[in-house]
Amino acid sequence: MRRRATFCMAVFLFAAAAAGLAQTPSSPSPESGEISETLKRQRSAVIYAYKTSGESGWQRGEEIYYTKCWICHNQYTIKAGTGAVPLKDLYNRPMLISGQPISDQTVTEKIRTGGPGMPSYQYVLDDRDMADLLSYLRDGHCCFEGSEPPKNPAYKY
């Protein structure tokens, strides 16, 4: 009985190792900066990189906003008195609550450092993420409100 269990375990480990080697995605080429076709087919890699709505620009910024900012900066939490402010037309205001004039630099600094009641995103969002988020906030596309989240282009409506 013990020999049979050992044999079954060896077969299982061999099969698992073979399956893992066969499905290991190729890594991106450092020279090109592109993601391989195998990684493009992995939905989790696309979600992790905030690329379900777009590769870059305000569409990607909308996805970052929806996953990072909307949780506090939405009509329901604002009405509940959480202290979060609406971000719609942020760049049309004269200054931030802190008194600083509104510019890409001050908004980026606020997002990166956070504040009372606002988490810091300095280790979560890189420069490209910030550029896409700022383009969403700045270029008149902000802000997602309503009962439906942004459309997912991978879903067939």
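If you're wondering where the values come from, they're calculated on a predicted model, not measured in any experiment.

Calculation rules
- Residues numbered from 1 in each chain as written.
- Predicted model: local features only at pLDDT ≥ 70, side-chain atom pairs only at ≥ 80, totals over all residues.
- Heavy atoms only, no water.
- Core = buried A, V, L, I, M, F, W, Y, C linked by side-chain atoms within 4.5 Å.
- Buried < 20%, exposed > 50% of the residue type's maximum accessible area, 1.4 Å probe, protein only.
- Helix = DSSP H or I, 4+ residues; strand = E, 2+ residues; numbered from the N terminus.
- Contact = heavy atoms within 4.5 Å.
- Salt bridge = Lys/Arg side-chain N within 4 Å of Asp/Glu carboxyl O.
- Axes fitted to C-alpha atoms, helices over the stretch in contact; angles between N-to-C directions.
- Parallel < 35°, antiparallel > 145°, perpendicular 65-115°, else oblique.
- Left-handed = near helix turned anticlockwise from the far one by under 90°.

Peer 1: When you look at the nonpolar core in this model, what are you seeing that I'm missing?
Peer 2: As a rule of thumb, soluble globular proteins bury nonpolar side chains together. Formed by 19 residues in total, the largest nonpolar core has its most connected members in Tyr65, Val107, Ile111, Leu125, Leu133, Leu137 and Cys142. Of all the secondary-structure elements, those providing two or more residues to this core are α4 (58-69), α6 (104-113) and α7 (127-138). The element best represented in this core is α7, accounting for five residues. Not counting chain neighbours up to four residues away, the residues in contact with Cys142 comprise Tyr65, Leu87, Lys88, Tyr136 and Leu137.

Peer 1: Just checking my understanding: could you explain the pattern of salt bridges for this structure?
Peer 2: Two side chains bearing opposite charge may form a pair once their charged atoms approach each other closely. In total, this model carries five salt bridges according to the counting rule given. Measuring nitrogen to oxygen at the nearest pair gives 2.6 Å for the salt bridge that ties Asp132 to Arg60. Here the residue Asp132 occupies a position in helix α7, and Arg60 occupies one in helix α4, the gap between them amounting to 72 residues. A relative accessible area of 7% means that Asp132 is categorised as buried. Linking Asp139 and Arg138 is a salt bridge whose minimum nitrogen-to-oxygen distance equals 3.4 Å. A residue is classified by how much of its surface remains accessible, and Arg138, at 34% relative accessible area, is partly exposed. Through salt bridges with shared partners, one network takes in Arg60, Asp129 and Asp132.

Peer 1: What am I meant to see in the packing of α6 against α7 here?
Peer 2: When two helices pack together, their arrangement is given by the angle between the helix axes and the distance between those axes. The geometry of α6 relative to α7 is characterised by a closest axis approach of 11 Å and an angle of 120° between their N-to-C directions. In terms of orientation, α6 and α7 fall into the oblique class. The chirality of how α6 crosses α7 is right-handed. Between α6 and α7, the contacting residues are Asp104, Val107, Thr108, Ile111 and Arg112 on the first element and Asp127, Met130, Leu133, Leu134, Leu137 and Arg138 on the second.

Read these as geometric descriptors, not functional statements.
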